[in-house]
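For reference, the chains in residue letters:
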Amino acid sequence: MKSAYRLRWLAFGLTILTLTLSGVYLWRLSSDHRQVRLDAVDAAGRRARQLAELQAHHMKALFLGIDSSLRQFRDALESDNLEGARLIARNVLGIYPAGSVVHLARIDVQGNMRYATVELPKPVYVGDRDYFRFYQTDDGKDELFINRPVMSRSTHQWVVLFTRPLKKDDRFDGAAFI
């Protein structure tokens, strides 16, 4: 009888020990899982920051390239070199990925589109656009203006316009845009 009693206590003790060890194992597993999850979230955050920085550098390079092209286009228009402006426009449309540059244009001082790289079935007035009013109020200060997205009146597509003013005798004479 004593041996049966001892065997019951031994079985009970082994059950308690097994449950205790299982509990400790599950607690450690949960703790390790939590740490792995925190490490993964931290690594994902670092990777996201790296990708954001890389994307920012790409966007800066893209904006500088577009602005450089716009300055060349504008300078050709200001010097009445329409053939040079056409060549620059053709190069710009060929350099950037298809669809990323819709067209280039020259706006006169009254706000009418006078030259565009797309066919204009009728005159297009843009004198009420933000960029045009910006240059009118500041007498054409030579500053890049990036317009909020607008529906293009010439192509009927959503566009973000990069614009620079045109000058004649140091006075505002319209705008050029990509």
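In case you missed it, the structure is sitting above this.
Residues numbered from 1 in each chain as written. Predicted model: local features only at pLDDT ≥ 70, side-chain atom pairs only at ≥ 80, totals over all residues. Heavy atoms only, no water.

*Asks:* I tried to follow the overall build of the protein chain on my own but got confused; where do I start?
*Replies:* When you go through the protein chain residue by residue, the secondary structure sums to three helices and seven strands. Going from N to C terminus, the protein chain has its helices and strands arranged as α-α-β-β-α-β-β-β-β-β. Rg of the C-alpha trace for the protein chain: 34 Å, well past the compact-globule value of 16 Å for 178 residues, more than 25% over. When its C-alpha atoms are laid out on the principal axes, the protein chain stretches across 115 × 35 × 30 Å. Working note: accessible area of the protein chain is about 12200 Å², and carbon and sulfur atoms make up 59% of it. (Helix = DSSP H or I, 4+ residues; strand = E, 2+ residues; numbered from the N terminus. Rg over C-alpha atoms; globule rule 2.2 N^0.38 Å. Areas by Shrake-Rupley, 256 points an atom, 1.4 Å probe, with all protein chains shown as cover.)

*Asks:* Is there a simple way to think about the packing of aromatic side chains in this case?
*Replies:* Any aromatic ring pair is given by two values, namely how distant the centres are and how the planes are angled relative to each other. Under the criterion given, the structure shown has eight aromatic pairs. With a centroid separation of 5.6 Å and an interplanar angle of 90°, the aromatic rings of W9 and F12 are classed as edge-to-face. Residue W9 and its partner F12 are both found in helix 1 (residues 2-78); the two are separated by three residues, about one turn of the helix. The exposure class of F12 is partly exposed, given its relative accessible area of 47%. With centroids separated by 6.4 Å and ring planes inclined at 70°, the aromatic side chains of Y135 and F145 adopt a geometry described as edge-to-face. With Y135 in helix 3 (residues 130-137) and F145 in strand 3 (residues 145-146), this pair connects stretches of sequence that are 10 residues apart. Among the residues examined, Y135 registers a relative accessible area of 0% and is labelled buried. Members of the aromatic cluster, each reached through a chain of ring pairs, are F134, Y135 and F145. (Phe/Tyr/Trp six-rings, centres within 6.5 Å; stacked < 30°, edge-to-face > 60°. Buried < 20%, exposed > 50% of the residue type's maximum accessible area, 1.4 Å probe, protein only.)

*Asks:* Explain the sheet that holds strand 2 (residues 113-116) to me, please; I cannot follow it from the model alone.
*Replies:* Pairing between the strands of a sheet is mediated by backbone hydrogen bonds and can be parallel or antiparallel. Read across the open sheet, the five strands follow the order 2-1-7-6-3; overall the sheet is antiparallel. Strands at the two margins of the open sheet, each flanked by one partner only, are strand 2 and strand 3. Across two bridges, the pairing between strand 3 and strand 6 (residues 162-168) is antiparallel. Counterpart to I146 in the pairing with strand 6 is F162. Sitting on the sheet, helix 3 is in contact with strand 1 (105-107), strand 3, strand 6 and strand 7 (171-177), with an inclination near 155° to strand 7. (Pairing = 2+ DSSP bridges. Contact = heavy atoms within 4.5 Å. Axes fitted to C-alpha atoms, helices over the stretch in contact; angles between N-to-C directions.)

*Asks:* Would you mind going over a nonpolar patch on the surface with me for this structure?
*Replies:* A cluster of nonpolar side chains, contributed by Y5, W9, F12, I16 and L19, occupies part of the molecular surface with about 570 Å² of accessible area. Along the chain, the position of L19 falls in helix 1. The class for L19 is exposed, based on a relative accessible area of 56%. (Patch = residues over 30% accessible without salt bridge, like charges linked within 9 Å, V, L, I, M, F, W, Y side chains within 5 Å. Salt bridge = Lys/Arg side-chain N within 4 Å of Asp/Glu carboxyl O.)

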